[in-house]
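A closer look at the structure
Residue-level listing of the chains:
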Amino acid sequence: MQPITEQVNNLSGVSSLSQPLIEQYCAHSDVFFTSKENTLLAKPPFASLLVAGTKNLAEQACESLRFAKELGFNNPVVIGAVPFDVKRPAHLRVSTNVATAIGLEHLKTLTPLKKEAISEQPGAITQQPAPSIFKRSVQNALERFARGELEKVVLSRTLEVDYPTPPNTHALLKNLALKNTQGFTFAIDLKGLESSERVHTLVGASPELLIARKGNRVYAHPLAGSEPRSQDPVLDNARAEQLLCSEKDLREHALVIKAIKEALTPFCKHLHIPDVPSLVSTETMWHLGTQIEGELKDTQASALTLALAMHPTPAVCGYPTQAAFEAIQALEDYDRNLFTGMVGWCNSEGDGEWVVTIRCAQVEDCKIRLYAGAGIVTGSSPEKETLETGAKFNTMLNAMGAEMNTAQGAKQ
Ligand SMILES: C=C(O[C@@H]1C=C(C(=O)O)C=C[C@H]1O)C(=O)O
């Protein structure tokens, strides 16, 4: 895919390489997003903040971008985060001050970034809920499947890491980008939502592309079905091979593909979906992934419109969607808010990239809250799902320079 953001403003006149952009990021005010192809750094002043329930969010975004263009800005961009529950306020900003660069994949050819400490002292980790409670929720989900109430639900848990002084969010972002050059690394200032002067940032490195649009072409790369990586190469390969032919994981994956096909078909002239998924690896996980490509009937539907039509996919919610959503409300005892929502950007042409908000955390003052979920279907094991969510925390824990012990299920 060619860079989508070629035409976007570069008002600060920075070079077109992403490393300087990441160096210029300021945790107190900015929004940073990078994919393999594009890096965007949006700085204040922001033209407006779109927080309405997301029902008509795409229209609002479209109007605000048109208005910004009428005011003489060449390439305004909508950038930010939409929550898991689309009835909750989104955190999207219209920016006319966006610097762009090529994607992070090219970081490899630049002076290597070095991993930085995010805090002088280690943080204290608390699991919320405790693994035993998470396992009970998985068991409850299995009982719901047996009663025929639904086929899949994604259940999640969190870790709270408390530091004696505020951790360095900029260093955390750089560490994430350094290790996840194949994924989508982001940092979104959330102060507009909370009206607090303290650093409050959503930060993460998602491996999952919800949708990218460039002209009349669309791309999606849903992931579902996972195995933790192992540091032992033989075991690591064996886990990957096992995943590729796991009946349970293929069934879990197929539900996601079915829903995405239903969501995208009305918009597309052609939609290419491979018959079988392939393996996707991150630093910490193996996943089953399907590379979907389509051609739009027309370019009326923006990347944000398409993303909202797809969200929440069964990769983060379950199947059927409403039953899964209700099961999540009943079984999770915390507020997901932005976790398992979407993060990304969209320009006035309607082009953009939206990724699933996973492998992420919220940094607030001296606390970092990490999130991880796993798809549960008939055949899932409470023990294995706890280990899987534990392994998913490692994307953030590694970047934080933190570690949980094996008993807590987060070791590789
Ligand atoms: C919910 C998360 O991941 C989702 C669930 C997956 C699974 O169950 O296999 C895989 C990728 C994501 O769609 C997460 O990482 O927190």
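These notes cover the structure that comes with them. Just so you know, the residues in each chain are numbered from 1, in the order the chain's sequence is written. The predicted nature of this model means local features are confined to residues of pLDDT at least 70 and side-chain atom pairs, given and counted, to a pLDDT of 80 or more, with totals for whole chains, interfaces and linings taken over all residues. Note: side-chain values were computed over all heavy atoms of the structure, leaving out hydrogens and water.

**Considering the sheet that holds strand β16 (residues 285–289)**
- Here 3 strands make up an open sheet; going across it, the order is β13-β16-β15 and the pairing antiparallel. Both edges of this open sheet fall to β13 (223–228) and β15 (278–281), since each of them pairs with a single strand only. Across this sheet, the average inter-strand angle for adjacent strands is 30°, counted without regard to direction.
- Here a strand pair is declared whenever DSSP counts at least two bridges between the two strands. Note on conventions: DSSP H or I runs of at least 4 residues are helices, E runs of at least 2 residues are strands, and numbering of each starts at the N terminus. With 4 bridges joining them, β13 and β16 adopt antiparallel strand pairing. Bridge pairing links proline 228 to methionine 285 in β16.
- Contacting β13 and β16, helix α7 (residues 247–264) runs over the sheet at an angle of about 150° to β13.
- It only takes one pair of heavy atoms within 4.5 Å for two residues to be counted as in contact. Under this scheme, a helix contributes an axis fitted over its contacting stretch, all axes are lines through C-alpha atoms, and angles between N-to-C directions fall in the 0 to 180 degree range. Sitting on the sheet, helix α10 (residues 382–400) is in contact with β13 and β16, with an inclination near 90° to β13.

**A word on the site of the ligand**
- Proximity is defined per residue: if any heavy atom of the residue lies within 4 Å of a molecule or strand, that residue is considered near it. Contacts to the ligand come from 18 residues, most closely from Glu208, Ser226, Arg359, Gly373 and Gly375.
- Pairs of N or O atoms within 3.5 Å make up the polar contacts considered here, provided that, within protein, one atom can donate a hydrogen while the other can accept it, and that residues adjacent in sequence are counted only when both atoms are side-chain atoms. Measuring from an oxygen atom of the ligand, one finds a backbone N or O atom of leucine 223 at 3.0 Å.
- In this structure, an oxygen atom belonging to the ligand sits 3.1 Å away from a side-chain N or O atom of glutamate 252.
- For the ligand, the protein covers 100% of the area, taking 390 Å² as the surface of the free molecule.
- At the level of secondary structure, the elements contributing two or more residues to the shell around the ligand comprise β13, β22 (367–377) and α10.
- Taken together, the residues that form the shell around the ligand break down as 8 nonpolar, 5 polar and 5 charged. Computed with a 1.4 Å probe, the accessible areas rest on the Shrake-Rupley method; for each residue, only the protein chains presented here act as cover. Amino acid classes used here: Ala, Val, Leu, Ile, Met, Phe, Trp, Tyr, Cys and Pro are nonpolar; Asp, Glu, Lys and Arg are charged; the rest, including Gly, are polar.

**Quick notes on α10**
- The terminal C-alpha atoms of α10, which comprises 19 residues, lie 27 Å apart, in line with the 27 Å expected from a rise of 1.5 Å per residue.
- Here the bend at a residue is taken as the angle between two axes, fitted respectively to the seven residues that end there and the seven that start there. The principal kink in α10, of about 35°, is found at asparagine 394.
- Counting buried residues along α10, 16 of its 19 residues qualify, which places the element largely inside the surrounding structure.
- Phi turns positive, to about 70°, at glycine 401, one or two residues after α10. Any helix carries an expected span of 1.5 Å times its number of residues minus one. The classification of residues rests on relative accessible area computed with a 1.4 Å probe and restricted to protein chains. Under 20% of the type maximum is buried, over 50% is exposed, and intermediate values are partly exposed.

**Focus: the packing of helix α2 (residues 57–70) against helix α8 (residues 303–310)**
- One can describe the packing of α2 onto α8 by two numbers: an axis separation of 9 Å at closest approach and a directional angle of 170°. Considered as vectors, α2 and α8 are oriented roughly antiparallel to each other. Contacts between α2 and α8 involve Leu57, Ala58 and Ala61 from the first element and Leu304, Thr305 and Leu308 from the second.
- In terms of residue class, the contact of α2 with α8 is built from 5 nonpolar, 1 polar and no charged. Comment on the angle field: the value is read as roughly parallel under 35 degrees, roughly antiparallel over 145, roughly perpendicular from 65 to 115, and oblique elsewhere.

**Details of the sheet that holds strand β17 (residues 292–296)**
- Reading across the sheet, the 9 strands line up as β3-β5-β4-β19-β20-β11-β12-β17-β14 and stay open at both edges, with antiparallel pairing between neighbours. Looking along the sheet, the strands with just one partner apiece sit at the ends: β3 (46–50) and β14 (268–272). Sheet twist, expressed as the average angle between the axes of neighbouring strands with direction ignored, equals 15°.
- One ladder, built from 5 bridges, connects strand β4 (residues 77–82) with strand β5 (residues 91–95); its direction is antiparallel. By the bridge assignment, valine 77 is partnered in β5 with serine 95.
- Set on the sheet, α8 makes contact with β4, β5, β11 (209–214), β12 (217–221), β17, β19 (342–347) and β20 (352–356); between it and β11 the angle comes to about 150°.

**Description of the packing of aromatic side chains**
- Any pair of Phe, Tyr and Trp rings, taking the six-membered ring for Trp, is counted once the centres come within 6.5 Å. Such a pair is stacked with planes under 30 degrees apart, edge-to-face with planes over 60 apart, and tilted for the rest. Overall, the coordinates contain 5 aromatic pairs when judged by the stated rule.
- The side chain of arginine 93 reaches across the aromatic face of phenylalanine 46, ending 4.7 Å from its centre.
- Looking at arginine 336, its charged tip hangs above the ring of phenylalanine 84, at a distance of 4.5 Å from the centre. Cation placement over rings: the criterion is NZ of Lys or CZ of Arg within 6 Å of the ring centroid and within 35° of the ring normal.

**Looking at the packing of helix α3 (residues 131–146) against α10**
- For the pair α3 and α10, the least separation of the axes is 9 Å and the interaxial angle reads 125°. Relative to α10, the element α3 is oriented oblique. Pair α3 / α10 crosses with right-handed handedness. Residue-level contacts link Pro131, Phe134, Lys135, Val138, Gln139 and Leu142 of α3 to Pro382, Glu383, Glu385, Thr386 and Thr389 of α10.
- When its residues are assigned to classes, the contact of α3 with α10 shows 5 nonpolar, 3 polar and 3 charged. Put simply, a crossing is left-handed when the front helix is turned counterclockwise from the back one by less than a right angle, and right-handed when it is turned clockwise.

**A word on the pattern of salt bridges**
- Any Lys or Arg side-chain nitrogen found within 4 Å of a carboxyl oxygen on Asp or Glu counts as a salt bridge. Applying the stated criterion across every chain, the model contains 24 salt bridges.
- In this structure, the salt-bridge partner of arginine 229 is aspartate 236, at a minimum N-O distance of 2.8 Å. Here the two residues arginine 229 and aspartate 236 agree in accessibility, since each one is buried.
- One salt bridge connects glutamate 332 with arginine 336, and the closest N-O pair in it is separated by 2.9 Å.
- Judged by relative accessible area, which is 8%, glutamate 332 ranks as buried.

**A look at the nonpolar core**
- One finds Phe33, Leu92, Leu202, Ile211 and Trp354 to be the most contacted residues of the largest nonpolar core, which totals 63 residues.
- The biggest single contributor to this core is α8, with 6 residues.
- With sequence-adjacent residues up to four places away left out, isoleucine 211 is seen in contact with Val218, Tyr219, Ala220, Leu264, Ala303, Leu306, Ala307, Met310, Gly352, Glu353 and Trp354.
- Membership of the second largest hydrophobic core comes to 34 residues, among which are Leu21, Ile22, Ile118 and Tyr163. Here, the term nonpolar core denotes a set of buried Ala, Val, Leu, Ile, Met, Phe, Trp, Tyr and Cys residues that are joined through side-chain atoms within 4.5 Å.

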